[in-house]
Amino acid sequence: MIYIEEKELAFFRDGKRIYGKEFMPVDDTVLEAEKAPAIILSHGFGGSGRDMEFYCRAFVQKGYVAYCFDFCGGSVGETGRSEGSSLEMTIETECRDLLAVYESVKAFPHVDAGRISLMGGSQGGFISALVAARLGDAVENLILLYPALCIPDHARAGRLGGACYDVERVPEVIVCPNQMKLSRRFHEEVATMDPYLEIGKYKGRVLLMHGMRDEIVNYSYAVKAKETYEKGQCSFMLMRDAGHGFNAGQDESAVIAMEHFLDKKRELLTIHVIITGTEILVDREQYQERAVRFVGYCDNELFRGTILPEGLDVQKQYGDEPAILKAEYTLVGRDCEMKECSIHIVNQKKGSRYKPELTTDSEALSWLSDLDLTAALEGFPGGLTVRIFG
């Protein structure tokens, strides 16, 4: 565990103060006397930099300097600490905010100017994608959480920020349900925009995560974005039970995916588990042991197949302690060479991470057995998605 120093900082854009916070290791020796990579995180519509602090702390554990900030005029009420009103804020001003932050972070003496990544959620994801396209190779990695690529369509439909107005008579002030007030200029700026023509100019590595239950930004926008980026450029995660924002379990899965993405590793197998029954094996005071039985399937480029019916997760619960899980199951199907094969998986927690052990009779997939694998679990009603990274 790396201890983290949090430091409030301010930058300026066109005379306006941009408030932000830097996260970095307390002990400079963690940086091994070298400059560290950095990542800049951008919040969504009406939010603030506080929304991104959880991720900042996770990135520091990976050896990054992380910086989050409040967009000028981009927050509801008093939640934002940067200068400017929401009536002055547009997509372009937020792009300029992020560019100003980028130039400042790049100049930090402890930051490797050639290794700066961007991350954003919702409208901040849209802004991060646009700025990455402008900066090109200067952005090492781009991480997008449910990016609001719908904003131009919402403007054309008179629904910016959840408001409802006549696009033939756009009001000077657009009042949104969250009490944010937008200007007509915000509408006019995006109403003619094709976001995919803009974001596709970025040729670096992209991680794109989106929930299939997102009622604000339909996941079809993310699917189109994935197709916009060049083949092999974008790692794409659709999260079955996630909405516009992730819960604690989904955040944990997202962080694991981000860690592996930054390490240039990838999601190898995605297994969808369907629970078929639960049986109590032992039930004593302060101790319970139960068996969870399941079936399911895997369908990706390396392997396509199903879980044999004897899939079993033995869970041991000591008092109020978190349950100790050990899942064991076998998948049968076809490998990437379309040859019939089986994959046997034993997955249990070691330290803070699930570490699956995998054996297979597939020659084409035998290399999987030699990898240091990590699994992320995402629950959904009646089951869970198991993502195996390596």
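See the structure above.
Residues numbered from 1 in each chain as written. Predicted model: local features only at pLDDT ≥ 70, side-chain atom pairs only at ≥ 80, totals over all residues. Heavy atoms only, no water.

Enquirer: Describe the overall build of the protein chain, with residues and values.
Expert: The number of helices and strands found in the protein chain is eight helices and 20 strands. Radius of gyration (C-alpha) of the protein chain: 23 Å, near the 21 Å computed for a compact globule of 390 residues. Projected onto its principal axes, the C-alpha positions of the protein chain cover 65 × 55 × 50 Å. Relative to its full complement of 390 residues, the protein chain shows a buried share of 52%. (Helix = DSSP H or I, 4+ residues; strand = E, 2+ residues; numbered from the N terminus. Rg over C-alpha atoms; globule rule 2.2 N^0.38 Å. Buried < 20%, exposed > 50% of the residue type's maximum accessible area, 1.4 Å probe, protein only.)

Enquirer: Can you lay out the packing of helix α2 (residues 91–106) against helix α3 (residues 123–135) for me, pointing to particular residues and giving the numbers?
Expert: At a minimum axis distance of 9 Å, the contact between α2 and α3 shows a crossing angle of 65°. Considering how the two elements wind past one another, α2 and α3 form a crossing that is right-handed. Across from Ile 91, Glu 92, Glu 94, Cys 95, Leu 98, Leu 99 and Tyr 102 in α2, the residues of α3 making contact are Gln 123, Phe 126, Ile 127, Ser 128, Leu 130, Val 131, Arg 134 and Leu 135. (Axes fitted to C-alpha atoms, helices over the stretch in contact; angles between N-to-C directions. Left-handed = near helix turned anticlockwise from the far one by under 90°. Contact = heavy atoms within 4.5 Å.)

Enquirer: Describe the environment of Ala 38, naming the residues involved and giving the relevant values.
Expert: Its place among the elements puts Ala 38 in strand β3 (residues 36–42). Once the C-alpha coordinates of Ala 38 and Ser 48 are considered, the two residues, 10 residues apart in sequence, prove to be 20 Å apart. Beyond its immediate stretch of four places on either side in the chain, Ala 38 contacts Tyr 64, Val 65, Val 105, Val 111, Arg 115, Ile 116 and Ser 117.

Enquirer: Explain the sheet that holds strand β6 (residues 139–145) to me, using residue names and the numbers behind them.
Expert: A sheet is described by the order of its strands in space; here eight strands give the open sequence β1-β2-β4-β3-β5-β6-β9-β10, paired in mixed fashion. Only two strands of the sheet have a single partner each, and these edge strands are β1 (4–13) and β10 (234–239). Going from strand to strand, the sheet's axes swing by 20° on average, the running direction of each strand aside. In the sheet, β6 pairs with strand β9 (residues 205–211) via five bridges, with the strands oriented parallel. Of the residues in β9, the one forming a bridge with Asn 141 is Arg 205. Contacts between helix α1 (residues 53–61) and the sheet are confined to β1, β2 (16–25), β3, β4 (65–69), β5 (111–121) and β6, with β2 contributing the most and set at about 40° to the helix. Contacts from α3 reach β3, β5 and β6, with the element oriented near 145° to β5. (Pairing = 2+ DSSP bridges.)

Enquirer: An account of the packing of aromatic side chains is requested, with residue identities and associated values reported.
Expert: Inspection of the entire model under this criterion finds nine aromatic pairs. Measuring from centroid to centroid gives 6.4 Å for Tyr 67 and Phe 69, while their planes differ by 20°, and the two rings are stacked. Residue Tyr 67 shares its accessibility class with Phe 69, and that shared class is buried. Arranged with centres 4.8 Å apart and planes meeting at 50°, the rings of Tyr 287 and Tyr 318 form a pair that is tilted. With Tyr 287 in strand β12 (residues 287–299) and Tyr 318 in strand β14 (residues 311–318), the pair connects residues that are 31 residues apart, well separated along the chain. Using a relative accessible area of 12% as the deciding quantity, one classes Tyr 287 as buried. These aromatic residues form a ring-pair network of at least three members: Phe 11, Tyr 67, Phe 69, Phe 71 and Phe 108. Cation over ring: Arg 205 sits above Phe 261, and NZ or CZ is 4.2 Å from the ring centre. The aromatic ring of Phe 380 is capped on one face by Arg 240, whose charged end is 4.2 Å from the ring centroid. (Phe/Tyr/Trp six-rings, centres within 6.5 Å; stacked < 30°, edge-to-face > 60°. Lys NZ or Arg CZ within 6 Å of the ring centre and 35° of its normal.)

Enquirer: Describe the nonpolar core, naming the residues involved and giving the relevant values.
Expert: One finds Ile 40, Ile 91, Val 105, Leu 142 and Tyr 229 to be the most contacted residues of the largest nonpolar core, which totals 62 residues. Judged by nonpolar contacts, the second largest core, of 31 residues, contains Met 52, Phe 59, Tyr 64 and Ala 66. (Core = buried A, V, L, I, M, F, W, Y, C linked by side-chain atoms within 4.5 Å.)

Enquirer: So what's going on with the environment of Glu 88? Residues and values would help.
Expert: Here Glu 88 is to be found in the loop between β4 and α2. Residue classification places Glu 88 among the partly exposed residues on the basis of a relative accessible area of 37%. With near-sequence residues (within four places) excluded, Glu 88 lies in contact with Lys 16, Thr 93 and Arg 185. Looking at Glu 88, its side chain comes within polar contact range of the main-chain nitrogen of Ser 85, at 2.8 Å. (Polar contact = N/O pair within 3.5 Å; in protein donor to acceptor, adjacent residues only side chain to side chain.)

Enquirer: Provide a residue-level description of helix α7 (residues 220–228), including the pertinent values.
Expert: Among the residues of α7, Tyr 221, Ala 222 and Ala 225 are the ones counted as buried. The arc that holds every buried residue of α7, seen down its axis, measures 95°, which confines them to one face. Here the buried face of α7 lies against α4 (151–156), α6 (195–199), β9 and β10. (Arc of directions from axis to C-beta.)

Enquirer: Provide a residue-level description of the pairing of strand β15 (residues 324–335), including the pertinent values.
Expert: Across five bridges, strand β13 (residues 303–307) lies against β15 in antiparallel orientation. Bridge pairing in β15 links Phe 303 to Asp 335. Relative to β15, β14 is paired through five bridges, and the arrangement is antiparallel. Residue pairing in the sheet places Val 314 in a bridge with Lys 326 of β15. Connecting the antiparallel pair β14 and β15 is a turn made up of five residues, with Gly 319 showing a positive phi of about 55°. Pairing of β15 with strand β16 (residues 340–350) involves nine bridges; the strand directions are antiparallel. Each bridged residue has a counterpart across the sheet, and for Ala 327 the counterpart in β16 is Asn 347. Connecting β15 to the antiparallel partner β16 that follows it, the hairpin turn spans four residues, and Met 338 within it adopts a positive phi of roughly 65°.

Enquirer: Tell me about empty space enclosed by the protein, and please be specific about residues and values.
Expert: Across all of its chains, the model carries two cavities of 30 Å³ or more by this definition. In this structure, the largest cavity spans a volume of roughly 40 Å³. Top contributing element to the lining of the largest cavity by residue count: strand β19 (residues 374–380), with three residues. Of the voids in this model, the second largest cavity is the one considered here, and its volume is about 30 Å³. (1 Å grid on protein atoms, 1.4 Å probe; cavity = no way out; pocket = protein on both sides within 12 Å on 5 of 7 lines; lining within 4 Å. Points joined across faces, edges and corners; volume = space filled by probe spheres on them.)

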